[in-house]
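Structural features, examined
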Amino acid sequence: MNWQPPADWIRITTLDAHTAGEPLRIITGGLPPIPGDTILAKRRYAQEHLDHLRRALMWEPRGHADMYGCILTEPTTPDGTLGVLFMHNEGWSTMCGHGVIGLVKVGIETGLLAAQGMQGPDRSRGAGEQGSVAAPAAIIRLDTPAGRVTAYPHYDETDRVTHVSFDNVPSFVYALDQTVDVPGLGRVRYDLAFGGAFYAYVAAEEVGVGLAPADFRQLIDLGTRIKQAVMAAGIPQHPFEPDLSLLYGVIFVGPAHDAANHSREVCVFADGEVDRSPTGTGVSGRAALHYAKGEIGLREPFVVESILGTTFSGKVVEAMTFGPYPAVVPRVSGTAYVVGRNEWFIDPGDPLGEGFLLR
């Protein structure tokens, strides 16, 4: 077909993937430059000037209520590989673990990251995780709104990326054993931790909800109500960056469905969005919680299931102090898959061109 859109239409290209079931729409072309000397400044610019494009790409008819995406930028630190902004149905995330895993794995497989100037794998390799090998030259240093995230692709003998690990920003326990009154539920207990974003962690059995696909609607309902109640009780404050002082979501935790795994969790974030993956930033917060409680030791791995039964592994690779908080550096591992390559158009005469949502 030789049809071309009119010159005044917006044309945006994307690479679409999923990480453990959670969608990731990587914007590969068509957006204007995003100015800013820091990645947080770029995020603020995107919030103020590009939100109509976020809605057009995340919402219907091009997306859906649970769509997730990212935009690549030039790095904002001297040693950074690239910058990345994350977006969802409500706005712009501060960090995203499934997004890091997906971006790095499919970005290498498709050549997207090579086009961004990332050096490819070196034949002189070191030992990787889970029996694979890691290419030292392919260490990827990402500038995210939450801070530096370092990703490590792991290769098989055919040079295909099998999975990706990343060392997250310092993660810490903000408050333990908090309670809040939630309409229709009564008193709910939660822990509050930061893993690139703040989450309230709730035992699923204590609020009478399951963690299977059949519980999807109830999880949205309870997660939304609990999030609103926790926010009303006081927004968590990041020790250094006011832009990171927000409650991103609620994570319900329960027993694993597969006895070989540690546990299962389901994250309800943004505007009632349900993560299909185990949530990389959520696993990071879990690492901080378990380490603080003495439930795991340094470099002791634990495997977390998602609502779909897909998994991420996590562990603490370093204990440290972050501002006033004892903190950890979590390492999270998972894999992703390409699902498509798309070209999107926005007709300036389309009254629904900037998207809509029905739930």
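Throughout, a residue's number is its position along its own chain's written sequence, starting from 1. This being a predicted model, a pLDDT of at least 70 is required before a residue's local features are given, and a value of 80 or more before pairs of side-chain atoms are given or counted; all residues contribute to the totals for chains, interfaces and linings. Only hydrogens and water are removed before side-chain values are computed, so all heavy atoms of the structure are retained for them.

In the nomenclature of an unreviewed UniProt entry, the protein chain corresponds to Proline racemase from the organism Candidatus Promineifilum breve. UniProt positions are given in the numbering used here, feature names are shortened, and annotations may be inferred rather than shown by experiment. Its UniProt record gives the protein chain a comment under Sequence similarities (unreviewed entry), which states: "Belongs to the proline racemase family."

Before going further, it helps to examine the nonpolar core. Take the buried Ala, Val, Leu, Ile, Met, Phe, Trp, Tyr and Cys residues and link them wherever side-chain atoms come within 4.5 Å; each set so joined is a nonpolar core. Only protein chains enter the calculation, and the probe is 1.4 Å; a residue is then buried if its accessible area is under 20% of its type maximum, exposed if over 50%, and partly exposed in between. Counting 88 residues, the largest nonpolar core has I226 and F252 as the members making the most contacts within it. Segmentation into domains, and thus their bounds, comes from an automatic or database assignment. Each of domain 1 (10-167 + 338-343) and domain 2 (171-331) contributes no fewer than three residues to this core. I34, L85, W344 and I346 belong to the second-largest nonpolar core, a separate cluster that totals 18 residues.

On to the packing of aromatic side chains. Aromatic contacts are taken between Phe, Tyr and Trp rings whose centres are within 6.5 Å, Trp giving its six-membered ring; a plane angle under 30 degrees counts as stacked, one over 60 as edge-to-face, and the others as tilted. Taken as a whole and assessed by the stated rule, the structure comprises 16 aromatic pairs. Measuring from centroid to centroid gives 5.3 Å for Y174 and F198, while their planes differ by 75°, and the two rings are edge-to-face. Here Y174, found in strand β10 (residues 171-182), pairs with F198, found in strand β12 (residues 198-203); they are 24 residues apart in sequence, far enough to count as distant. Y174 sits in the partly exposed class, given a relative accessible area of 25%. Given a relative accessible area of 0%, F198 falls into the buried group. By the ring-pair criterion, three or more aromatic residues cluster together here, those being F172, Y174, F194, F198, F240, F322 and Y325. Whether a charge sits over a ring depends on NZ of Lys or CZ of Arg being within 6 Å of the ring centre and within 35 degrees of the ring normal. Over the aromatic face of Y337 sits the side chain of K105, whose NZ or CZ is 5.1 Å from the ring centroid. Strands here mean DSSP runs of E at least two residues long; helices mean DSSP runs of H or I at least four residues long; both are numbered from the N terminus.

Looking now at empty space enclosed by the protein. Put plainly, a pocket is an open set of points on a 1 Å grid over the protein atoms alone with protein on both sides within 12 Å along at least five of seven lines, a cavity is a set where a 1.4 Å probe fits but cannot get out, and a lining residue has an atom within 4 Å of a point. Grid points are joined across faces, edges and corners, and a volume is the space filled by probe spheres set on the points. The full count for this structure, using the stated rule, is two cavities of 30 Å³ or more. Taken together, 15 residues make up the lining of the largest cavity; nearest its centre are C96, Y199, Y248, D275 and T279. At the level of elements, α3 (97-110), β14 (263-269) and α6 (280-292) are the ones that each hand at least two residues to the lining of the largest cavity. Residues are sorted three ways: Asp, Glu, Lys and Arg are charged, Ala, Val, Leu, Ile, Met, Phe, Trp, Tyr, Cys and Pro are nonpolar, and all the rest, Gly among them, are polar. Residues of the lining of the largest cavity, tallied by class, amount to seven nonpolar, six polar and two charged. The volume enclosed by the second largest cavity comes to roughly 40 Å³. In terms of lining, the second largest cavity is formed by L31, L50, L53, R54, L57, I71, M87 and W92. When residues of the lining of the second largest cavity are assigned to their parent elements, the largest contribution, three residues, is made by helix α2 (residues 51-58). Residue composition of the lining of the second largest cavity, by class: seven nonpolar, no polar and one charged.

Inspection of the secondary structure assignment puts P78 in the loop between β3 (69-73) and β4 (82-87). On the accessibility criterion, P78 (91% relative accessible area) is exposed. As a C-alpha pair, P78 and H290 span 212 residues in sequence and 34 Å in three-dimensional space.

The next point concerns the pattern of salt bridges. Whenever Lys or Arg places a side-chain nitrogen within 4 Å of a carboxyl oxygen from Asp or Glu, that contact is recorded as a salt bridge. Tallied over the full model, the rule gives 22 salt bridges. As a salt-bridge pair, R359 and D66 come within 3.6 Å of each other at their nearest N and O atoms. In this pair, R359 sits in the segment after β19 (336-346) while D66 sits in the loop between α2 and β3, placing the two residues 293 residues apart along the sequence. For E109, the salt bridge goes to R160, with nearest N and O atoms at 3.1 Å.

As far as domains go, the protein chain holds domain 1 (10-167 + 338-343) and domain 2 (171-331). Placing the centre of domain 1 and that of domain 2 at their C-alpha centroids yields a distance of 23 Å. Contact criterion: two residues are considered in contact whenever any of their non-hydrogen atoms come within 4.5 Å of each other. Taken residue by residue, the interface counts 29 residues in domain 1 and 31 residues in domain 2. Buried area between domain 1 and domain 2, summed over both chains or domains, comes out near 2,100 Å², and the portion from carbon and sulfur atoms is 52%. The term buried area denotes the loss of accessible surface (1.4 Å probe radius) that occurs when two parts are joined, taken as the sum for both partners.

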